[in-house]
Amino acid sequence: MSHILVTGGSRGIGRAICETFADNGYDVSYFYVNRPSLEGEHIYPVRCDVSDHDAVAESVDSVISRFGDIDVLVSNSGISISGLATDYSPRDYRRVMDVNFGGLFNVTNRVIPGMVHRKHGVIIAISSMWGQTGASYESLYAASKGAVDAYVRSLAKELAPSGIRVNAVSPGCIDTDMMADYSDEDRSELIDETPLARLGTPQDVADAVYYLASDRASFITGQIIGVNGGFLI
Ligand code: NDP
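How each quantity is defined
- Residues numbered from 1 in each chain as written.
- Predicted model: local features only at pLDDT ≥ 70, side-chain atom pairs only at ≥ 80, totals over all residues.
- Heavy atoms only, no water.
- Helix = DSSP H or I, 4+ residues; strand = E, 2+ residues; numbered from the N terminus.
- Rg over C-alpha atoms; globule rule 2.2 N^0.38 Å.
- Buried < 20%, exposed > 50% of the residue type's maximum accessible area, 1.4 Å probe, protein only.
- Contact = heavy atoms within 4.5 Å.
- Pairing = 2+ DSSP bridges.
- Axes fitted to C-alpha atoms, helices over the stretch in contact; angles between N-to-C directions.
- Core = buried A, V, L, I, M, F, W, Y, C linked by side-chain atoms within 4.5 Å.
- Right-handed = clockwise from strand over helix to strand, strands pointing away.
- Near = heavy atom within 4 Å.
- Polar contact = N/O pair within 3.5 Å; in protein donor to acceptor, adjacent residues only side chain to side chain.
- Areas by Shrake-Rupley, 256 points an atom, 1.4 Å probe, with all protein chains shown as cover.
- Nonpolar A, V, L, I, M, F, W, Y, C, P; charged D, E, K, R; others polar.
- Parallel < 35°, antiparallel > 145°, perpendicular 65-115°, else oblique.
- Left-handed = near helix turned anticlockwise from the far one by under 90°.
- Phe/Tyr/Trp six-rings, centres within 6.5 Å; stacked < 30°, edge-to-face > 60°.
- Lys NZ or Arg CZ within 6 Å of the ring centre and 35° of its normal.
- Expected span 1.5 Å × (residues − 1).

Asks: Tell me what's going on with the overall build of the chain, and back it up with residues and numbers.
Replies: Scanning the chain from N- to C-terminus turns up seven helices and seven strands. Traced from its N-terminal end to its C-terminal end, the chain shows the element sequence β-α-β-β-α-β-α-β-α-α-β-α-α-β. A globule of 233 residues ought to have a C-alpha radius of gyration of about 17 Å, and the chain, at 17 Å, matches this closely. For the chain, the spread of C-alpha atoms along the principal axes amounts to about 45 × 40 × 35 Å.

Asks: I'd like to hear about the side chain of Asn 76, residue by residue, with values.
Replies: Mapped onto the secondary structure, Asn 76 falls in the loop between strand S4 (72-75) and helix H3 (90-118). Look at Asn 76 and you get buried, because its relative accessible area is 10%. Leaving out residues up to four positions away in the same chain, Asn 76 has contacts with Val 6, Thr 7, Gly 8, Ile 13, Gly 14 and Ile 126.

Asks: I'd like a rundown of the sheet that holds S4, residues and numbers included.
Replies: The seven strands are arranged S3-S2-S1-S4-S5-S6-S7 in an open sheet whose pairing can be described as parallel. Across the chains shown, the open sheet's two edge strands, defined by having one partner strand only, are strand S3 (43-47) and strand S7 (224-227). In this sheet, adjacent strand axes meet at a mean angle of 20° when their direction is disregarded. Two elements, strand S2 (residues 27-32) and S3, share five bridges in a ladder whose sense is parallel.

Asks: With reference to specific residues and values, describe the nonpolar core.
Replies: Ranked by internal contacts, the top residues of the largest apolar core, which has 28 residues, are Ile 4, Ile 17, Val 74, Ile 124, Val 169 and Val 209. In this structure Val 209 touches Ile 17, Phe 21, Val 74, Ile 124, Ile 126 and Val 169, once residues within four positions along its chain are discounted. Core analysis: the next-biggest nonpolar cluster, separate from the first, contains 27 residues, Val 46, Val 107, Val 111 and Val 166 among them.

Asks: I'd like a description of the pairing of strand S1 (residues 3-7), backed by residues and values.
Replies: In terms of burial, S1 is a largely internal element, five of the five residues being buried. Side chains His 3, Leu 5 and Thr 7 project from S1 onto one buried face, and the interleaved Ile 4 and Val 6 project onto a second face that is buried too. The parallel pair S1 and S2 is bridged by helix H1 (residues 12-23), and the resulting crossover is right-handed. Pairing geometry for S1 and S4, over four bridges, is parallel. Among the inter-strand pairings, Thr 7 is bridged to a residue of S4, identified as Ser 75.

Asks: Hey, could you go over the site of the ligand for me, with residue numbers and the actual values?
Replies: Inspection of the region around the ligand gives 31 residues, with Ser 10, Asn 34, Asn 76, Tyr 141 and Thr 176 positioned closest. Side-chain polar atom of Tyr 141 to an oxygen atom of the ligand: 2.5 Å apart, as the coordinates give it. In isolation the ligand has 910 Å² of accessible area, and contact with the protein removes 95% of it. Broken down by secondary-structure element, the contributors of at least two residues to the shell around the ligand are H1, H3 and helix H5 (139-159). Looking at side-chain class alone, the shell around the ligand contains 13 nonpolar, twelve polar and six charged residues.

Asks: Kindly report on the packing of H3 against H5, identifying the contributing residues and their values.
Replies: At a minimum axis separation of 9 Å, H3 and H5 run at an interaxial angle of 15°. Judged on the interaxial angle alone, H5 and H3 are roughly parallel. Judged by the twist between their axes, the crossing of H3 over H5 is right-handed. Contacts between H3 and H5 pair Asp 92, Tyr 93, Val 96, Met 97, Asn 100, Phe 101, Leu 104, Phe 105, Thr 108, Ile 112 and Val 116 from the former with Leu 140, Tyr 141, Ser 144, Lys 145, Ala 147, Val 148, Tyr 151, Leu 155 and Leu 159 from the latter. Counted by class, the contact of H3 with H5 contains 15 nonpolar, three polar and two charged residues.

Asks: Account for the packing of aromatic side chains, with residues named and values stated.
Replies: Scanning the entire structure with this criterion turns up seven aromatic pairs. Geometrically, the ring pair formed by Phe 21 and Tyr 26 is edge-to-face, given 4.8 Å between the ring centres and 85° between the ring planes. Take Tyr 26: its relative accessible area is 14%, and that puts it in the buried class. An aromatic cluster is defined as three or more aromatic residues linked by ring pairs; in this entry it consists of Phe 21, Tyr 26 and Tyr 210. The ring of Tyr 44 carries the charged tip of Arg 66 above its face, separated from the ring centre by 4.8 Å.

Asks: Please provide a residue-by-residue account of helix H2 (residues 53-67), values included.
Replies: With 15 residues, H2 extends 21 Å from end C-alpha to end C-alpha; this agrees with the ideal 21 Å at 1.5 Å per step. Where H2 is concerned, the buried positions are Val 56, Ala 57, Ser 59, Val 60, Val 63 and Phe 67. Buried residues along H2 sit against S1, S2, S3 and H3. Capping the start of H2, Asp 52 holds a side-chain oxygen 3.2 Å from the backbone nitrogen of Asp 54, two or three residues further along. Directly after H2, the chain includes Gly 68, whose backbone phi takes a positive value near 90°.

Right, here's the structure in full:
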């Protein structure tokens, strides 16, 4: 049985990814910080803050003990703090970078050696279109996702000789808790700006992740795949 580890699998996009792979016969491990959601014989939730390097190392070892080597890693956990660039504190800066980019660094840092040893593995980061376009009031978030994209491209070059593919899925506006603070007016404006005229669903993103993890994507690496309804073309 194949094993996928998803960071931030308790809600939103990460949860849809966990459900999709579980439905397709994977053993699924996931990290969360507040409350686990999915549980079962083939689903293993582990409380782990991805910004904590030592905790990530311990938690990766724990999921390997439970389900064996990791075939697919999805670095999905992310946070957003809105504000003017001049209003952010150094603490805001550290938190957003430590979770959104540091989480990717910490988890790949622990998972890659096993994949290299086996010359097998797929790594997918969930980025954001704002990392490509920049975003007013979300400058830290956009910068952290720009770092994710650059890291994904670099890892893809470094790891291709070891048979490991690395890609990012870059969502547009997806209807999850991350959009909970948006007013109806904000949501309508975003829908108006989206050529396919709707918000995305977590499943839209999970389907792209499932494809990228499959052998059907065996010639795809180093790409930032947009799932944004045409918002960014
Ligand atoms: P949600 O807020 O719905 O879920 C976030 C998930 O990340 C939760 O499972 C949460 O765990 C987990 N998480 C948060 N911080 C940490 C941490 N420090 N360590 C471990 N897990 C953590 O977000 P979405 O599903 O919307 O977002 C998922 C990803 O998609 C993020 O990287 C986000 O940036 C990206 N994205 C989302 C978009 C959107 O419009 N929704 C657009 C573009 C990108 P817990 O439940 O325990 O709090």
